[in-house]
Amino acid sequence: MHNRPTLAGATALVATIASGLVLAGTADAAPADATATKATTTTAAHDSRAQREIIPEYPDLPGSSTLLLTVNGEWETEYGQDLPLWVVPDDDDDIDNDVPIDLSLRSSHDGTLTVVEHGDPYDPTDDAVVLETPVEAGTSDVSFAVPDSNWDYSMYVVTADGQRTRPEQFTLAVGGQDVQDLAGTYSDVAGSSDQRITVTGSTYANERVEIVTDDGERYSTRSREDGRFGISYFGSTARTEVVVEHNQLTNGAQVVPFEQVEPGEGDPSLVWPIVDLGDLRSLFGLFVGGEEGRESAYLTTASSAGLQWRLGPEDIAGNNAVGWSIPNVDVSGPIILEGNTCVTAGDDGSLRSAACIRDEDGDPSQTFTAVLRDGDTLLRLASDESRYLTLGADGMIVLGDEADAAVLAYVDQYESSWSVDEPAPSVADRSVRLSGTAIPGAVVTVDGTPVENGTGARSAKDARAIAAGGSWSTTLHDLPIGQARTFEVQQLIDGVVVAQSEQTVRIDAGDLSGVTSAFRDDVTLPAQITGDAEPGATIQLLDGGVPVEGATTTAAADGDAAGSFVLDVPAPNAAGPHEFAVVQVLDGAAVGTPTTVTIDYGAGVTVDAPTAS
């Protein structure tokens, strides 16, 4: 746990000693001049943070000890770690404020308590003293402040003779700050029951932000270096929460407040563009490269230092590529990266990630055009038609000549790679099979539920449900018979809907056919009714509208005889014609029109009273 602090605007770590601090376990153990001690300690901490250096080493005192008891009055948060761990929530309303830390400790010797913050574990020059203060043997309480961070620390007491007590090492994970300036807008979408949703706010820099809706959908983005984030998707304004995890702590449950805006109206607080989906398409940074069919080149990181790429197996590349939104073919616009930053061109041909420049006509350094060349899609700087995105030999994506242009993978037009086949209903089990094609790497959802093709997709945010072949299928069960049901099928890439189709399905069962009755040659056996029904249907006999006990059978489910049935009819114990009704039942519900069958049991047998002879 050696992560640098990432809270936007966090000030440098400053050690402070609480006013009127009692430094030892006895009243007379306080230093003679508490004010002087506080000033000395604060200065030492400021100087060490401003200039990191190798901390002096002191020999350990045999049999000595330094024991950390509590942090902010709490015992160790989690055991079984490499170091004792304390997780400290940041419940201050100001995201820029440092978090007070109160330590209770026990030392075996008098001296100067020294608390060291460790940066890079492999670089001793990346350490800094954050607190130096006199203590006496016994229990002491000290205080300082830290930004939200996840750092390892060590502490010990330096004695007057230049030795130290046995160091105590521990980790402080500080986080959990609520999202600031949280806001949401929504607008109606023509021809759709969904709404266009935009959620914005401020949190820790470069941190994953997840939007969780009441119906289980999840959308994610990453905050910028200044902590701002924004995400746009199609959905509803049902209860929606924003979740940010930082240093093993998440913010408290925060519900997004929504305000309706006119279609196409942007959020004025956004400083990056939320563009029309008709102009951009969301993909992953994948390029044709390596051995065909086995390896792909992919965008691994995008930062202010540049865009990096590497070769990897196709499955690794597809699962680890950075997501971006690029212009449609023959459209000029920005290339928006995860975290709502834009690819920005430098005068020297370099490319980097930078804050998107809000300009109605687009900034020249952030405007690119997708062009076709012999069926391949390339990205070109709009202001200089001779400069294309290329895969540099040093592992960086840079601007270069057309001959070296990087070919994008899986970027054919959405319409040509998106299809939904004619639904295939099954009456027997009240189901329908939906299938079609999609962009490799996309997610297909049916009424918001992701289609799983054995590739591990758990929700729409996983965005890699469709295998390289691009085919998808799913079977929906428990559908009503005789009622029309409309499903919305959507294709999503990185949580953004890029294609959709409505499919209306009605499962209708055919009526019974060829229903006849007959007596068998063996008069001891019951009469039979035969006919054809839906394969696998249950055939039920009714007498006066009441099911006849034991008079059921099942129509053949498959084979040449599929749908045929033979039903034994219990004798009604009455002479003459007798009318029955035959119905077919699917999944517990009678379907189709009942068929009436009349069986004539002949004249009744009369037994006269015997006469005397």
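Residue numbers restart at each chain and count upward from 1, following the sequence in its written direction. Residues qualify for local features only when their pLDDT is at least 70, as the model is predicted, and side-chain atom pairs are given and counted only at 80 or more; totals for whole chains, interfaces and linings, by contrast, use all residues. Calculated side-chain values reflect all of the structure's heavy atoms, with hydrogen atoms and water omitted.

1. Thoughts on the overall build of the chain
The test is simple: The way it works is that DSSP assigns letters per residue, a run of H or I at least four long becomes a helix, a run of E at least two long becomes a strand, and they are numbered from the N terminus. The classification of residues rests on relative accessible area computed with a 1.4 Å probe and restricted to protein chains. Under 20% of the type maximum is buried, over 50% is exposed, and intermediate values are partly exposed. Note on definitions: a residue-residue contact is assigned when non-hydrogen atoms from the two residues lie within 4.5 Å. Surface exposure here means Shrake-Rupley accessible area, sampled with a 1.4 Å probe, where a residue is shielded only by the protein chains that are shown.
When its secondary structure is counted, the chain shows three helices and 45 strands. The buried share of the chain, reckoned over its 613 residues, is 48%. Counted over contacts in the chain with a minimum sequence separation of 6, partners at least 24 positions apart contribute 63%. As presented, the chain carries roughly 29400 Å² of accessible surface, and 47% of it is formed by carbon and sulfur atoms.

2. A look at the sheet that holds strand β40 (residues 527-532)
Definition in use: A pair of strands counts as paired when DSSP detects no fewer than two bridges linking them. Helix axes are fitted to C-alpha atoms over the stretch in contact, other axes to C-alpha atoms as well, and angles between N-to-C directions run from 0 to 180 degrees.
Strand order in this open sheet of three strands is β39-β40-β43, and the pairing throughout is antiparallel. In this open sheet, the two strands that pair with only one neighbour each are β39 (513-518) and β43 (564-569). Recorded for the sheet is a direction-independent mean angle of 15° between the axes of neighbouring strands.

3. Structural notes on the packing of aromatic side chains
Where we set the bar: Only centres within 6.5 Å qualify two rings of Phe, Tyr or Trp (six-membered ring in Trp) as a pair; their planes then separate them into stacked at under 30 degrees, edge-to-face at over 60, and tilted for everything else.
All told, the structure shown has four aromatic pairs when counted by the stated rule. Judged by centre distance (6.4 Å) and plane angle (90°), the rings of tryptophan 86 and phenylalanine 170 are edge-to-face. Taken together, the positions of tryptophan 86 in strand β2 (residues 85-89) and phenylalanine 170 in strand β8 (residues 168-175) put the pair 84 residues apart, joining distant regions of the chain. Take tryptophan 86 and phenylalanine 170: they sit in the same class, and that class is buried. Summarising the aromatic geometry, the rings of phenylalanine 519 and tyrosine 601 are spaced 5.5 Å apart at their centres and angled 85° between planes, so their arrangement reads as edge-to-face. Linking phenylalanine 519 in the loop between β39 and β40 with tyrosine 601 in the segment after β45 (589-600), this pair joins segments that are 82 residues apart in sequence. Accessibility expressed as a relative area gives 45% for phenylalanine 519, which makes it partly exposed. The exposure class of tyrosine 601 is partly exposed, given its relative accessible area of 21%. The rings of Trp86, Phe144, Tyr153 and Phe170 are connected pair by pair, giving a single aromatic cluster.

4. Remarks on the environment of valine 115
For valine 115, the position within the fold is in strand β4 (residues 111-118). Here valine 115 falls in the buried class, since its relative accessible area comes to 0%. In sequence terms valine 115 and methionine 155 are 40 residues apart; their C-alpha atoms lie 4.3 Å from each other. Not counting the four nearest positions on each side in its chain, valine 115 is found in contact with Ala128, Val129, Val130, Leu131, Phe144, Tyr153, Ser154 and Met155.

5. Focus on the pattern of salt bridges
Keep this limit in mind: We define a salt bridge as a contact between a side-chain nitrogen of Lys or Arg and a carboxyl oxygen of Asp or Glu at a distance within 4 Å.
A complete count under the given rule lists four salt bridges for this structure. The salt bridge partner of aspartate 447 is arginine 485, with a shortest N-O separation of 3.6 Å. Of this pair, aspartate 447 sits in the loop between β34 (443-446) and β35 (449-450) while arginine 485 sits in strand β37 (residues 484-493); the two residues are 38 residues apart in sequence, bridging distant segments of the chain. On the basis of relative accessible area, aspartate 447 is assigned to the partly exposed category, the value being 41%.

6. A closer look at the confidence of the model for the chain
The following threshold applies: Per-residue confidence from the predictor is reported as pLDDT, a score between 0 and 100.
Overall, the predicted model of the chain reaches an average pLDDT of 75, with 74% of residues at or above 70. Across residues 266-278, confidence stays below pLDDT 50; counting only partners more than four residues off in sequence or on other chains, it has 34 contacts. Across residues 412-416, where pLDDT falls below 50, the model places 11 contacts with residues more than four positions away in sequence or in other chains.

7. Comments concerning the pairing of strand β3 (residues 99-107)
Here strand β1 (residues 66-71) pairs with β3 via five bridges, running antiparallel. Across the sheet, threonine 70 pairs through a bridge with serine 104, a residue of β3. Pairing between β3 and strand β6 (residues 138-146): nine bridges, direction antiparallel. Bridge pairing in β6 places valine 99 opposite valine 146.

8. Section: the pairing of strand β13 (residues 228-235)
Counting buried residues along β13, eight of its eight residues qualify, which places the element largely inside the surrounding structure. On β13, burial covers both faces: Arg228, Gly230, Ser232 and Phe234 on one face and Phe229, Ile231, Tyr233 and Gly235 on the other are all buried. As defined by bridge partners, strand β10 (residues 195-202) adjoins β13 across eight bridges and the pair is classed as antiparallel. When the sheet's bridge partners are listed, isoleucine 197 is paired in β13 with tyrosine 233.

9. Focus: the sheet that holds strand β20 (residues 295-303)
Strand order in the open sheet made by the three strands is β19-β20-β21, with antiparallel pairing throughout. Only two strands of the sheet have a single neighbouring strand rather than two, namely β19 (286-288) and β21 (306-313). Going across the sheet, the axis of each strand differs from the next one's by a mean of 35°, ignoring polarity. In this sheet, β21 lies alongside β20 in antiparallel orientation, the contact comprising eight bridges. When the bridges of β21 are listed, alanine 297 appears paired with leucine 311.

10. Focus on the side chain of threonine 159
Among the structural elements, threonine 159 can be located in the loop between β7 (150-158) and β8. Taking relative accessible area as the criterion, threonine 159 reaches 11% and is therefore assigned buried. Beyond its immediate stretch of four places on either side in the chain, threonine 159 contacts Leu61, His109, Asp110 and Gly111.

11. Some thoughts on unusual backbone geometry
Peptide bonds are mostly trans, and most non-glycine residues show a negative phi. We note that asparagine 72 has phi near 50°; this positive angle belongs to a residue other than glycine. Within the element layout of this structure, asparagine 72 appears in the loop between β1 and β2.

12. Here we look at the environment of alanine 484
On the secondary structure map, alanine 484 appears in strand β37. Spatially, the C-alpha atom of alanine 484 lies 4.4 Å from that of arginine 506, the residues being 22 residues apart in sequence.

13. Side note on the environment of leucine 379
Within the fold, leucine 379 resides in strand β28 (residues 376-381). Taking the relative accessible area as the measure of exposure, leucine 379 reaches 2% and is therefore buried. For the pair formed by leucine 379 and proline 327, sequence separation is 52 residues and the distance between their alpha carbons is 8.7 Å. Not counting the four nearest positions on each side in its chain, leucine 379 is found in contact with Trp324, Ile326, Pro327, Ile335, Thr369, Ala370, Tyr388, Leu389 and Leu408.

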